[in-house]
Amino acid sequence: MAAPTQYSQEEVEELREAFSKIDVDSNGFITTNELNDLFKAANFSLPGYRIREIVQNLMSAGDLNNDGQISFDEFINVVHGLKSTEVAKTFRKAINKKEGICAIGGTSEQSSVGTQHSYSEEEKYAFVNWVNTKLERDPDCKHVLPMDPNTDDLFSAVGDGIVLCKMINLSVPDTIDERTINKKKLTPFTIQENLNLALNSASAIGCHVVNIGAVDLKEGKPYLVLGLLWQVIKIGLFADIEISRNEALIALLRDGESLEDLMKLSPEELLLRWANYHLENAGCNKVNNFSSDIKDSKAYYQLLSQIAPKGEEDGIPAIEVDMSGLREQDDVKRAECMLVQAERLGCRQFVTATDVVRGNPKLNLAFVANLFNKYPALQKPENQDIDWSSIEGETREERTFRNWVNSLGVNPRVNHLYGDLADALVIFQLYEKIKVPVEWSRVNKPPYSKLGGNMKKLENCNYAVELGKNKANFSLVGIAGQDLNEGNHKLTLALMWQLMRRYTLNILEDIGGGEKVNDDTIVRWVNQTLSEAGKDTISGFKDGQISTSMPVLNLIDAIQPGSIRYDLLKIEDLSEEEKLNNAKYAISMARKIGARVYALPEDLVEVKPKMVMTVFACLMGRGMKKV
């Protein structure tokens, strides 16, 4: 059975976007007339009686309180209840054909063959401007930049992989070793390598790229390009919206709230809390979202006024926000006046006046995240009784596991490894990924009540441990459901490692026709491949030579002869910095030849046996595909 039906934050925002396209008068409700207009605007060749039937079906399914209109909450129920009926298909097509949405057919083997996909012109416009701004001074991108946001430049510009690699490094610096990007005299083969590098690196930073192939990017499939680019941009925008990286966020603590409570909030929730903190200081009403609640631009005006530099810091001149645009009667003109003020702060990115008035949730979220990153305007509390030692950033191991989990497309997305596993829903999805069946009827699903809610989560965790012991045959000695529920670091990581290890071995077994694989099998294959290429072998995953990365680099060169540029490497008497330099090159080269490696360069330098094993296992998988 599939994972429990619930909507992630992103899915809710996409539904909100669809809702806003139908709710033309922006009053927060959909009426019969607005549904009729939607189908007329979509130019469907349906007789009037069919449109009336469809509208009647939608209204009867959605209007739960019989007030003649559909609220957003009722709309979510409509979408959930429709499933794949003819009404649903017609309804989705109508929304996609609304202004700003382009519909195209899908033909990729890796994506859904022959289906209709849609993409947003507004998103394309916003992302093109963002990429232009971020890469305008990069000499390696001069052949495609600047792109014209009013054309399809973007979809051809990503085709050689260079722009994507650069954007990944902007979001998570040092993910890709620049030495591994093919930049000159590109051929179909070197372009394929760049796209492999981009896709496998995107996966390693937590992007869900399961249904995207290099061919899709080369051909510039719009909905896939925009989907991937949004994930990469969002990871970069959200990178510092995290308490261990920005301790001033503690200023957002509310009365009676613990630091632990604040640290559990997602980046989206922290952004909303941040905006409301400044709106409260301005004596204004709070907002509940960055879609319907900001359509009149008034909250944005107050936010800009609060965060604009006041000239109190050395070297940062004051910027006064002109509030006169608030008197503008027309929503679009008022939004344009507001964006002129945002531009004075250097923050006119992601939204147009129309995007604000329509309440585009994705683009408004990006707009606010960019505001936060430039002008957080928060002071780290000095006199509060706060245990600063408890604010520690995630370890490399935790980050690797979190990125691996997110790359598999779990729902909801994992922002905090321990807190977000406390109800075990993500763990159940991981069990399904490793072919361990889950009885979803035994799983308690959100929303959880305040009274007894944690008991429901604990029951889930107990079942997760039971599955691990009895069905997955994991070694879970001393691990109980309570340990997962309370976020015991050591024991949670022990389960995560066994899940990741099983996932990796399953892939090898699938490639090898079902033959069982263990650590010894991998070491034997690695040594045989190295020996046949005339290169030194390894004693195991703890071999000291691995700290130089030479065994990994030699294996890559054995799998794809001539791929490693040994002239770029230091081979003997290496300093720690030179070891790290080699390791960065090795990890990027592994991804470039097609191995989906999640380990980090430091794992090779420090010879972390578990992560070293995953590197060799992924390379073995790539090597076995040569046949």
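Residues numbered from 1 in each chain as written. Predicted model: local features only at pLDDT ≥ 70, side-chain atom pairs only at ≥ 80, totals over all residues. Heavy atoms only, no water.

Asks: What is the right way to look at the overall build of the protein chain in this model?
Replies: Along the backbone of the protein chain there are 27 helices and four strands. For the protein chain, the residues scored as buried account for 54% of the 627 residues in total. Considering only contacts within the protein chain whose residues lie at least 6 apart along the sequence, 62% involve residues at least 24 apart. Accessible surface for the protein chain amounts to roughly 29100 Å². Of this, 47% is attributable to carbon and sulfur atoms. (Helix = DSSP H or I, 4+ residues; strand = E, 2+ residues; numbered from the N terminus. Buried < 20%, exposed > 50% of the residue type's maximum accessible area, 1.4 Å probe, protein only. Contact = heavy atoms within 4.5 Å. Areas by Shrake-Rupley, 256 points an atom, 1.4 Å probe, with all protein chains shown as cover.)

Asks: Quick question: what am I supposed to make of the nonpolar core here?
Replies: Nonpolar side chains tend to gather and get buried jointly when the protein is soluble and globular. Ranked by internal contacts, the top residues of the largest apolar core, which has 96 residues, are Leu154, Met167, Leu228, Leu271, Trp274 and Phe367. Looking at which element gives the most residues to this core, the answer is helix α11 (residues 222–238), with 12 residues. Apart from residues no more than four positions distant in its own chain, Leu271 is found in contact with Phe238, Ile241, Phe290, Leu365, Val368, Ala369 and Phe372. Membership of the second largest hydrophobic core comes to 80 residues, among which are Ala472, Leu491, Tyr585 and Met611. (Core = buried A, V, L, I, M, F, W, Y, C linked by side-chain atoms within 4.5 Å.)

Asks: Can you walk me through the layout of surface pockets in this structure?
Replies: In this approach the atoms are scanned with a rolling probe the size of a water molecule, which exposes any empty space left behind. Estimates place the volume of the second largest pocket at around 1000 Å³. In terms of lining, the second largest pocket is formed by 39 residues, of which the most central are Asn200, Gly594, Ala595, Arg596 and Lys625. For the lining of the second largest pocket, the elements supplying multiple residues, two or more each, are α9 (188–204), α10 (214–218), α18 (396–407), α22 (489–511) and α27 (609–624). In terms of residue count, the dominant contributor to the lining of the second largest pocket is α9 (seven residues). Considered class by class, the residues forming the lining of the second largest pocket number 18 nonpolar, 13 polar and eight charged. (1 Å grid on protein atoms, 1.4 Å probe; cavity = no way out; pocket = protein on both sides within 12 Å on 5 of 7 lines; lining within 4 Å. Points joined across faces, edges and corners; volume = space filled by probe spheres on them. Nonpolar A, V, L, I, M, F, W, Y, C, P; charged D, E, K, R; others polar.)

Asks: What am I meant to see in the confidence of the model for the protein chain here?
Replies: Parts of the model with low pLDDT should not have their predicted coordinates read in detail. Counting all residues, the mean pLDDT for the protein chain is 88, and 82% of those residues have values of 70 or more. In this model, residues 106–115 is a region of pLDDT below 50 whose contacts with residues beyond four sequence positions or in other chains number 22 contacts. (pLDDT = per-residue confidence, 0-100.)

Asks: I tried to follow the environment of Gly325 on my own but got confused; where do I start?
Replies: One can find Gly325 in the loop between α14 (298–307) and α15 (331–344). The exposure class of Gly325 is buried, given its relative accessible area of 6%. For the pair formed by Gly325 and Met338, sequence separation is 13 residues and the distance between their alpha carbons is 6.8 Å. When near neighbours in sequence (up to four residues on either side) are disregarded, Gly325 contacts Tyr301, Arg334 and Cys337.

Asks: Explain the side chain of Ser588 here, please?
Replies: Here Ser588 is to be found in helix α25 (residues 576–592). Other than its neighbours up to four places away in sequence, Ser588 contacts Thr175, Ile176, Asp177, Thr180 and Leu197.

Asks: Explanation requested: the pattern of salt bridges in the structure shown.
Replies: Using the criterion set out here, one finds 34 salt bridges in the structure. Between Glu343 and Arg348 there is a salt bridge, with the nearest N and O atoms lying 3.8 Å from each other. Judged by relative accessible area, which is 49%, Glu343 ranks as partly exposed. Judged by its relative accessible area of 29%, Arg348 is partly exposed. (Salt bridge = Lys/Arg side-chain N within 4 Å of Asp/Glu carboxyl O.)

Asks: What is the right way to look at the state of the cysteines in this model?
Replies: What we call a disulfide is simply a covalent bond connecting the sulfur atoms of a pair of cysteines. Summed over the entire model, instances satisfying the criterion amount to zero disulfides. Unpaired in this structure, Cys141 has its nearest cysteine sulfur neighbour in Cys165, at a distance of 9.6 Å. Residue Cys141 is classed as buried on the basis of its relative accessible area of 1%. (Disulfide = S-S within 2.5 Å.)

Asks: In this structure, what is going on with the packing of aromatic side chains? I would like to understand it.
Replies: Counted under the stated rule, the structure contains nine aromatic pairs. Judged by centre distance (5.3 Å) and plane angle (40°), the ring pair of Phe428 and Tyr463 falls under tilted. Taken together, the residues span a long stretch of sequence, with Phe428 in helix α19 (residues 425–433) and Tyr463 in helix α20 (residues 453–470) at a distance of 35 residues. Each member of the pair Phe428 and Tyr463 is classed as buried. Through a chain of ring-to-ring contacts, three or more aromatic side chains come together here, namely Phe428, Trp440 and Tyr463. (Phe/Tyr/Trp six-rings, centres within 6.5 Å; stacked < 30°, edge-to-face > 60°.)

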